[in-house]
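Fold and contact review
Given next are the chains, with one letter for each unit.
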Amino acid sequence: MSSQKEDRQMQTLLEEFRKLPDYRKNKVRNTHPGEILFLALLAILSGADGFEDIALWMKVRKKELSRFLCRPFVAPAYTTIRNIFLGIDTKAVEKIQQQWGHQLGEHGSDTITIVAADGKTMRGSQNKEMNEKARHIVSLFLTDKKLTIAQREVDEKSNEIPALLALLDDLKLTNCVITVDALHTQKNVA
C-alpha cells in the first residue's frame with residue numbers, strides 16, 4: 001500500500017502530464033494524451049511490454065484508475081495509445097519529468113541530497129546503414145529516490161563534460177552533493 005505522500009506525488013505528476021497540449025485533430029474527451037502517457041508509464045512500471053500490454057493493463061484496472069482519476073475511465077485501444085506515443089512532444093514530456101524529479105530532490109535546508117552523474121552509450125542506437133554512431137547520454141540520478149531526474153544527449157563531436165555542465169546549469173540544484181566519474185575532475189568542471 002502506498003503512503004499518502006506517495007499518492008500526492010503521483011497526483012502532482014499526473015497534473016503535470018495533464019498540462020501537455022492535446023495536439024490531436026479529433027479530440028476524444030476520455031483520452032487526454034497526458035493522462036494516457038501517465039497511465040502507460042504506470043503500466044510499464046508494472047511490467048507491461050508494448051502497446052497491447054499497456055491497453056490490457058488499463059482495461060483490467062479500470063475501476064482503480066477511475067478512482068485515481070476521480071472520473072469514469074474508459075480504457076483506450078492499443079492503437080490510440082500507440083498514436084499518442086507517436087505524436088507527443090518529447091521535449092515537453094522531458095521537461096515535466098525534470099521538474100517533477102527536481103521537486104522530489106528538494107529537501108529542507110538541513111538535508112543533503114546525493115545526485116550521481118554518469119554517462120552511458122545507448123545500446124542498439126548505432127545505425128550502420130546510415131553511418132551513425134551509437135548515441136551517448138549523461139544522466140543525473142537521485143540516489144535516495146532511485147530516480148533519474150534528467151538526462152542529455154552528448155554531442156557526437158564532443159564528450160560528457162559540456163553535456164553535464166549544461167544539464168546542471170538547467171536544473172539549478174541546491175544543497176546537494178554531486179558524484180561524478182574521474183573524467184569530470186577538472187578545474188573548470190568543479
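An account of the accompanying structure is given in this report. All residue numbers refer to positions counted from 1 along the written sequence of the respective chain. Side-chain atom pairs in this predicted model are given and counted only at pLDDT of 80 or more, local residue features only at pLDDT of at least 70, and totals for whole chains, interfaces and linings cover all residues. Just so you know, side-chain values use all the structure's heavy atoms and leave hydrogens and water out.

1. Thoughts on the packing of helix H3 (residues 51–60) against helix H5 (residues 78–87)
Where H3 meets H5, the axes come as close as 8 Å, and the angle between the chain directions of the two elements is 120 degrees. In terms of axis orientation, H3 runs oblique to H5. For the pair H3 and H5, the sense of crossing is right-handed. Contact residues: Phe51, Glu52, Ile54, Ala55 and Met58 in H3; Tyr78, Ile81, Arg82 and Phe85 in H5. Three classes are used, and their members are as follows: Ala, Val, Leu, Ile, Met, Phe, Trp, Tyr, Cys and Pro are nonpolar, Asp, Glu, Lys and Arg are charged, and the others, Gly among them, are polar. Residues that form the contact of H3 with H5 fall into these classes: 7 nonpolar, no polar and 2 charged. For helices, the fitted line uses only the C-alpha atoms of the stretch in contact; every axis is such a line through C-alpha atoms, and the angle between N-to-C directions lies from 0 to 180 degrees. Each helix corresponds to a stretch of at least 4 residues labelled H or I by DSSP, and each strand to a stretch of at least 2 residues labelled E; elements are numbered beginning at the N terminus. Each angle is binned into one of four classes, with values under 35 degrees roughly parallel, values over 145 roughly antiparallel, values of 65 to 115 roughly perpendicular, and all other values oblique. Two helices cross in a left-handed way if the nearer one is turned anticlockwise from the farther one by less than a right angle. They cross in a right-handed way if the turn is clockwise. Only heavy atoms matter for contacts: two residues are in contact if any of them lie within 4.5 Å across the pair.

2. Considerations on the side chain of Glu160
Within the secondary structure, Glu160 is located in helix H7 (residues 160–171). Lys120 is the oppositely charged side chain nearest to the buried, salt-bridge-free Glu160, at an N-O distance of 8.2 Å. Counted as a polar contact is a pair of N or O atoms within 3.5 Å, where, for protein atoms, one must be capable of donating a hydrogen and the other of accepting one, and residues adjacent in sequence contribute only when both atoms are in side chains. A polar atom in the side chain of Glu160 sits 2.9 Å from the side chain of His136. Not counting residues up to four positions away in its chain, the partners in contact with Glu160 are Gly119, His136, Val138, Val154, Asp181, Leu183 and His184. For the exposure calls, accessible area comes from a 1.4 Å probe over protein chains only, and a residue counts as buried if that area is under 20% of its type's maximum, exposed if over 50%, partly exposed in between. For the purpose of charge, His is not counted, nor are the chain termini; Lys and Arg are scored as positive and Asp and Glu as negative. Salt bridge criterion: a side-chain nitrogen from Lys or Arg within 4 Å of a carboxyl oxygen from Asp or Glu.

3. Regarding the nonpolar core
Note that soluble globular proteins tend to have their nonpolar side chains buried in a common cluster. The criterion is simple. A nonpolar core is a set of buried Ala, Val, Leu, Ile, Met, Phe, Trp, Tyr and Cys residues joined through side-chain atoms within 4.5 Å. Counting 38 residues, the largest nonpolar core has Phe17, Leu20, Phe38, Leu39, Ile54, Met58 and Leu140 as the members making the most contacts within it. No other element matches helix H2 (residues 33–45), which puts 7 residues into this core.

4. Concerning the pattern of salt bridges
For the structure on display, the rule yields 6 salt bridges. Glu16 is the partner of Lys19 in a salt bridge, and the nearest nitrogen-oxygen pair spans 3.0 Å. Residue Lys19 is classed as exposed on the basis of its relative accessible area, which comes to 59%. Connected via shared salt-bridge partners are Glu15, Arg18, Glu35 and Arg71.

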